[in-house]
Structure formats: C-alpha cells, structure tokens
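Geometric and topological summary
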There are 2 protein chains.
Amino acid sequence: MANKKITLQENEIPTHWYNILADMPNKPLPPLHPGTKEPIGPEALAPLFPMELIKQEVSTEKWIAIPDEVRELYKIWRPTPLYRAYNLEKVLGTPAKIYYKYEGVSPAGSHKPNTAIPQAYYNKMQGVKRIVTETGAGQWGSALSFACNLLDMKCEVFMVKVSYDGKPYRKMMMNTWGAKVYSSPTTQTEAGRKILAEDPNSPGSLGIAISEAIEIAAQDENTKYALGSVLNHVLLHQTVVGQEAVLQMEKAGDFPDIIIAPFGGGSNFAGLTFPFLRFNFEKGKKIRCIASEPASCPKLTRGVFRYDFGDSVGMTPLLPMFTLGHNFVPQAIHAGGLRYHGAGVIVSQLLKDKLIEARAHHQLETFDAAVLFAKAEGIIPAPEAGHGIATVIQEAKRCKEEGISKTILFNLCGHGHFDMQAYDDYFAGKLTRHDLSDADIQASLAKLTTPTIPQ
Amino acid sequence: MANKKITLQENEIPTHWYNILADMPNKPLPPLHPGTKEPIGPEALAPLFPMELIKQEVSTEKWIAIPDEVRELYKIWRPTPLYRAYNLEKVLGTPAKIYYKYEGVSPAGSHKPNTAIPQAYYNKMQGVKRIVTETGAGQWGSALSFACNLLDMKCEVFMVKVSYDGKPYRKMMMNTWGAKVYSSPTTQTEAGRKILAEDPNSPGSLGIAISEAIEIAAQDENTKYALGSVLNHVLLHQTVVGQEAVLQMEKAGDFPDIIIAPFGGGSNFAGLTFPFLRFNFEKGKKIRCIASEPASCPKLTRGVFRYDFGDSVGMTPLLPMFTLGHNFVPQAIHAGGLRYHGAGVIVSQLLKDKLIEARAHHQLETFDAAVLFAKAEGIIPAPEAGHGIATVIQEAKRCKEEGISKTILFNLCGHGHFDMQAYDDYFAGKLTRHDLSDADIQASLAKLTTPTIPQ
C-alpha cells in the first residue's frame, strides 16, 4: 500500500529559518515614520519588540538559526505530517497529484504557534514579563497564550468584541493556558475609551484591538507587543513549515509544480512557499505559488501597491504593501484570519515582481471546497484553509480538462473544530457570497493620503 | 536533545488486533437471553450486527487480521504519537518517567475511530446500507459519522437531548460528515414515543437513545446497530493503540511499570492495556494496569459483579459485568463518555480475577489534573482523559514520596476542543465534586432482579 502520510522524525525539524530577503531580486522599500513619512530604522520598533526580533525583521542573512529551546518546544507537535490526498484526487477525477501539509496538529490547532513560540522566547530572553496582542477569530490569541504558558510569561489578549461574544470557546482555550482575554474595546486604554465614548455598543474591530494592545505595550518596559502575521520576522518563523515540506516531498519522490496557501497577512502563505521559492531563485525552477484570498477582502487581486498603515487608527509605521486602505472594513466572513486590509511587505514585493500569483474566492465557494475536502479526506478544515482548497480544486480540474498531471501542494493550515457554527450556517443555507463592488474598493482607496509608490 | 515524541511510520501500523480472550486464565461467562435467562449463542446478535463482528465477539483466536482496507483508512491519523511528558514530570518533581499515547490526533478527536472504521467496514462488506447508533457527549457519534462518510454509508445518530442542546458543535461535526443526528427521545420510535408521552420535556438518556437505535436497526435488514464500547469486538479493535505503544516504548528503550487509562465501558482502557497485559500472561511481567473511573459512576470500585443489561430499558442480552444497576443514572459530569452503569465483560472478568486495578476520582480532581497537564504539556485533554491523568499524578507523587522511579504510561484518549465550556465552568468555580453516597448505590442495586453470579 502506498504511503498516505509522509512523516519526519524530531531530528528532522529544521535547524534554521529561511530568510527569503536574502534571495529576492528586489528588496522591499523601507518602512516610513507615520508622522514624518521619512524612512525609519529598526530602533524605532524597540518600544514594541525585543531586539532579536527587530534584528530578524531587517536581516538579510539567508539562514537564521533556530534556538535549541525553540526547537525543543516545536517538538510538542512538529514535524507535522504531509499527506497525499488520494481520496480528494479520486473525488475530483483529476490526473493531478495533490499533497497537503497539515498544521492543525498543533495544540492551538493552526500554524500560528510556529511564530508564537519564538516570539515569546525572544521576549523572555530579553527579560520581558508580559506580552499583549490582539486577536480576531482567536487563532493567533490562542497560539500566543499557548506559547506564553509554556515559557511561563504573562499573556493578555484584546479579542474583538464580536468574536469574544460569538466564539467563546477560543476565549476559554486562552484562559485554560492562563491568558487574560479582554473584550475589545475596553475601558483600560485611551483608544478603547475613545471608541466607547462614541459608541458604547461598539462591536470592536481588529484595528481597534491592535491600537489597544500597542498602547498597553508602549506604556511599560516589561511589556511588549506581538503580531501574528504581516511582519518579516513572523513570515521567517513560519518557514519551518515549508522546509519540512521540501524534505517530505523529496521522501515522497515528488516535487510540487504548484503551491497554494490561504492569504491573510502573509505568514501562512510564506511559511509553505518561501522554502520552495528558494528553488526558483537558486536553481531556476518554475514552481507557481498561488495565494488564496477572500473575494470580500481582495488586497492582492484588487488592491493597490502603496504605502499604508498596518492598523486602522494609523499608529504603526507606513509599510509598502498591497492594500485596500487601512480604513477598509471587510465583511463578516467566517474566515476571520483573512480579514485584514493589507499584505506583508515581502509578499507584496514578490507579487509586484510577478514572482507569485494570487486568486480570490467568495465565501460559498470556500465552504463548498472545505466540505468536499472534509468528506473526501476526513479532516474538517478551518474556514481560512477552505480558500486554499478552493484554488486547489480549480487547478486540479484544469489538469483534468487539459489531461496533464501536475503536482499540487497546499497548506492545510488548521482544523475547523472552533468553527463548526460556520459549517452549520453553510448547511442551513445562511452563508452569503460576500461579493465586493468596485465602488466599495474605490471608496476605501480614495480615502488614502499615504505616500504612493512609483509603479 | 532527547526525543519528546516517539513516532512510527505507516508500515508500523499493526497488521493484527490482539484478542486477550485467548490468554485470559478465566474466560467470561456467557451472555444470557434477556427473557429466558438461558445462555445465548452468537446467532442471537445477527439482527443487530454483521457476522464478521459477531465472530470477533466470540472468537478466542489470539490474533485477528486487520483488513487492508481498514489499515488504509487508519493511515489518515495512525500511527499516533507517543510522548514523553518531560514537562509534567518537572512540574510534579517526580522521579517517575511518564509517557502518554495521544489519540486526539484523529479527525474526530479521540480513540473512537479505531473501532468505528472496522465496524463500518464489516457492515459494508455484508451489504448493510445504514448504521444507527446512540451518542452521549458526541465522541462516538462523531467517530461513526466520520467512518461511515469515508465508506460511503448512511449514518444516523440518536444524540441524548441534553447533549444535543448543550453541545451543538459535536452535532455540527457529525452533520459535516453527512450523518443525520436526532435529539433523543424522538417520535420516530416506539421507545421514544413512550417516553415523550410520559414526559414531553424528557432530557433523554443514553439508555433511551440505545433503545431507539436498536429499535430502528431491528426493523430493517439493510440497517445495523453499532456500539462504541463495552463489547468484545470493540475492545479488540482498540488494541491497535496498545500495540503501537509497545513498539514505541521499545524504541524509547523503556517499558511501563504502570499503565493508566480512563474507564467508561472499557474500550479506552482495553486498547492501551491489553497488548501490555499480554506480557504479563506470556512472560510473567508484572505491569500494573489501572482503570480510572468517575467517583460519580464507580462501577469498578463500588459496583457488584453480576449479570445485568447493557441498556436501561432491558432489551439487550444479560452480560456478566461490574455494574451499578442498569437503572443507575449517573450525575451530569462533563466526562460524558464515562457515564455508563456497567463495564464490558472482559474487563469485568479481569478485575474480578485481580489482574487489573481500578481507581475513582471525583470531578474537581479530574479537572485539577487536566488543567495541570494542559499547562505543563500544552495539549488540552478531554474531560474523560482527565480521569487517567488524576491517577497518573497520584502514582507519580507516590514515586516522589518513596524515592523510586517507575515508568508510567497513560492514554491521552482525546482533546478537549469540544469541551471548553467545562473548562470555563471549572475556572468559574461552577463545577461540583459529584460525590455519590453508599445509599444511592445500594438503592440502585436493590432494584436489580437479574441473575447473580457465585463469587
């Protein structure tokens, strides 16, 4: 019988993260100060992040060693399995060979702990006692709670009120790992009080929660802030995923022609694809890497490439990114992890340089795909993962139409155990496509006063 | 760095199930007809189960081959990892070496698919189109839904109303795999209608749900019934867990002195311990195997050994078991999988013969243990698993007091992703011990009119 899973031993966990900045033909433009709009250096980030993470943020070293302590904690769930999706291939009747890397085996249920652990670790090494963050649907908040608990640090999470009320199980999970979780907006920050004064019933937003977390972190030198995607060091940490997958594909005696991953801020996509893009840079391979984003939040396929803020309030440095505008409010799709207005700078530069591709799917299509996958392969995907699967199905069907066999690899970034309500709504016919008009996008972009970038 | 996980390759999935009946010094007494109270043969089970499962139920062959198709489906999540609990050891300050087998990596989140897959398979081979079952907390119902979906069979689940209403995510999971789930009692069976006529607001019970499922199965020759624990063939299928663990302990260069597993009907406990008990039978080893049960449902530690029914209504054959009486209604602890009045016949005989041990824990103790484990090791256990962990902690502390190092192995049978409300209640101080008085037990046992067994 053929192998369904390709598993690795613990000593095959990567020893280094791969830094794609070293290999990119065009490096990203520098971040700008939000006020002066002048380029800023790494020191500007020191109030929010520990020095080791800031160094990683700007490093152009190709390989960055993973500390032994981090590798030791990775062993709780890594290496993760790579699956050959025989049943999905059969259901689709495709000549394509489909593989997926399954990150849902982590105790928090997604790929997010890959960066939560090193972020907590570097903070601890610098003597930081407390980490604050924001979370939307709760994947990142749970991952950081999990990591801080293992490293015996305090963790506080500003959870968007609408998720806090609607997805209580994620909150309870964070509490079990000892984190404090607040329903944002709160009365404990200026930002929160201001919002509540204007609207006591504010449902909150990721932008507000980020502002609250940053405000708390900036007040106390023993407290730092952590972000779950977008930034270079976050993408860097996720490359353990793709490096394991390279090894596993080699063991399978195969190699991907197409790699697909969901896209929110970029860490999910970067984690799987960057270690393969290395083969494009180094060896002239022509692997196609496709980022799958929601049609309701299509920064890669319908946004503009210009400087923009990372948060909605405008507190962060200006970053050169594909964006829908920092005031863009995505519709309430169930894939909360993909509801972000902009793309990380590395991925944005790669897309601008046409070294990667992007594709958008509306919500119903992603749940059609997720349910098809769950029935074929047995694992219930997170709604975010459904976006990647929708692209996989398109590519597999194209192989069928064209009668060619491609090898497709995708990132099954998490399970859907905390998203069963979304599946229930899908079966009850309550989900909508959440299409987005050109007028809505133009209206959001028209508000931007941030620096443009010559195209 | 030492290995935290001991993993196996797919070709190391066991090729045979281990049948402990072959090695037991005293075989269990035969089942009796519920009416005539005369011993019955396997043919009496034919309306409910396919012949291959009935053969397994009574087989005394030591090794029973696992069909290739079943091993192929096991590959979706098997082999499961064995962990060394370094962090738990450190937190407890114990000289004991603690290992755990983690069955929560299955798509349904527990060990239950180990038997759901072969049960669905043997039914399908016999031409059965539909399988009906009951479920309490939902672990078994999800596992059978998962299995039937993979084998393209219809699955219908009678879910105890109080769980149907209180644990909707498990129901949604079953729906996602295509199963129909009913809130039991229903109006579609005699049994259900009778209950509803007496009490239209009945919260349901496992006993009622079993009666409903059996009634449906008995009516239609294309429909069979399936049970998630208690029966010999169910325990048999779970021995894949312990056989993998034997191999993994060998790879770790270690061997258990004490093995611990939660106890509901016996399949969880049997799965891990039987393949090790084989070493006691064959090689005179003296491994201690401890079944951990709830103090609110203490059939092993405070029940009697006599014939009793498997359901509350009295439709099933009479089985020689440790029981609290088939009318015993366990209190509403969160470990719904352990709320069963009786123990499977094999485990009962082993306990009677003092070849295994049992220990009871009250609910608060099990959540203290589960939270301690979650914080130390990172994985949030199912409430059922908390019972085993409570015993593990006792044994590890004893090692510390006595200054001796024992090797302890336990079954982390599932994750707690669908039980976060229980954790929330625990942290909010809402959980109670659920102690049980002698008078309550005596009152239940006094109602028994089933045949006694000479002690």
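To be clear, the structure that these remarks concern was listed above.
A short tour of the structure in this document, coming up. What you are looking at is a predicted structure, and each value in this text was computed from that prediction instead of being measured.

**Let's talk about the environment of Leu324(B)**
Residue and element names in this part refer to chain B. Checked against the element boundaries, Leu324 lands in the loop between β13 (318–323) and α13 (345–352). For Leu324, a relative accessible area of 0% corresponds to the buried category. For the pair Leu324 and Gln394, spaced 70 residues apart in sequence, the C-alpha to C-alpha distance is 25 Å. Setting aside chain neighbours within four positions, we find Leu324 in contact with Cys297, Pro298, Lys299, Arg302, Gly303, His341, Ile441, Ser444 and Leu445.

**Quick look at the environment of Asn175(A)**
With respect to the helices, strands and loops of the structure, Asn175(A) is situated in helix α7 (residues 168–176). The partly exposed category is assigned to Asn175(A), whose relative accessible area is 23%. Once you skip the residues sitting within four places of it in the chain, Asn175(A) turns out to touch Val181(A), Asp424(B) and Phe427(B).

**Things to note about the nonpolar core**
Across soluble globular proteins, you tend to see nonpolar side chains buried next to one another. In this structure, Phe274(A), Phe276(A), Phe274(B) and Phe276(B) are the most contacted members of the largest nonpolar core, which totals 190 residues. Not counting residues within four places of it along the chain, the set of residues in contact with Phe274(B) comprises Tyr18(B), Ile20(B), Leu235(B), Thr239(B), Ile346(B), Val347(B) and Leu350(B).

**Comments concerning the side chain of Thr391(B)**
Residues and elements named next belong to chain B. Here Thr391 is to be found in helix α15 (residues 383–402). By relative accessible area, which is 0% here, Thr391 ends up buried. Aside from chain neighbours lying at most four places away, what touches Thr391 is Ile260, Ile290, Ser292, Arg359 and His361.

**A word on the interface of chain A and chain B**
The interface of chain A with chain B comprises 45 residues on the first partner and 45 residues on the second. Taking both partners together, chain A and chain B bury about 4200 Å²; carbon and sulfur atoms supply 54% of that area. Across the contact surface, chain A and chain B share 2 salt bridges. Where chain A meets chain B, there are 18 residue pairs in polar contact (both at pLDDT 80 or more). Elements with a contribution of two residues or more to the side of chain A that touches chain B: α2 (68–74), α5 (139–150), α7, α14 (363–377) and α16 (420–427) of chain A. A per-class count over the side of chain A that touches chain B returns 22 nonpolar, 12 polar and 11 charged.

Criteria and thresholds
- Position labels on residues start from 1 in each chain and follow its written sequence.
- Note on labels: chains are lettered from A, ligands numbered from 1, in written order.
- Side-chain atom pairs in this predicted model are given and counted only at pLDDT of 80 or more, local residue features only at pLDDT of at least 70, and totals for whole chains, interfaces and linings cover all residues.
- Each side-chain value is derived from all of the structure's non-hydrogen atoms; neither hydrogens nor water enter the calculation.
- Per the convention used, a helix needs a DSSP run of H or I reaching at least four residues, while a strand needs a run of E reaching at least two, with both numbered from the N terminus.
- Only protein chains enter the accessibility calculation, which uses a 1.4 Å probe; a residue is then buried when its area is under 20% of its type maximum, exposed when over 50%, and partly exposed in between.
- Contacts were defined at the residue level, with two residues in contact if any of their heavy atoms lie within 4.5 Å.
- Nonpolar core, defined: a set of buried Ala, Val, Leu, Ile, Met, Phe, Trp, Tyr and Cys residues in which side-chain atoms within 4.5 Å join the residues together.
- Throughout, the accessible surface (probe 1.4 Å) given up by two parts as they are put together, summed over both, is called the buried area.
- A pair is scored as a salt bridge if a Lys or Arg side-chain nitrogen falls within 4 Å of a carboxyl oxygen belonging to Asp or Glu.
- Counted as a polar contact is a pair of N or O atoms within 3.5 Å, where, for protein atoms, one must be capable of donating a hydrogen and the other of accepting one, and residues adjacent in sequence contribute only when both atoms are in side chains.
- Nonpolar residues are Ala, Val, Leu, Ile, Met, Phe, Trp, Tyr, Cys and Pro. Charged residues are Asp, Glu, Lys and Arg, and all others, Gly as well, are polar.

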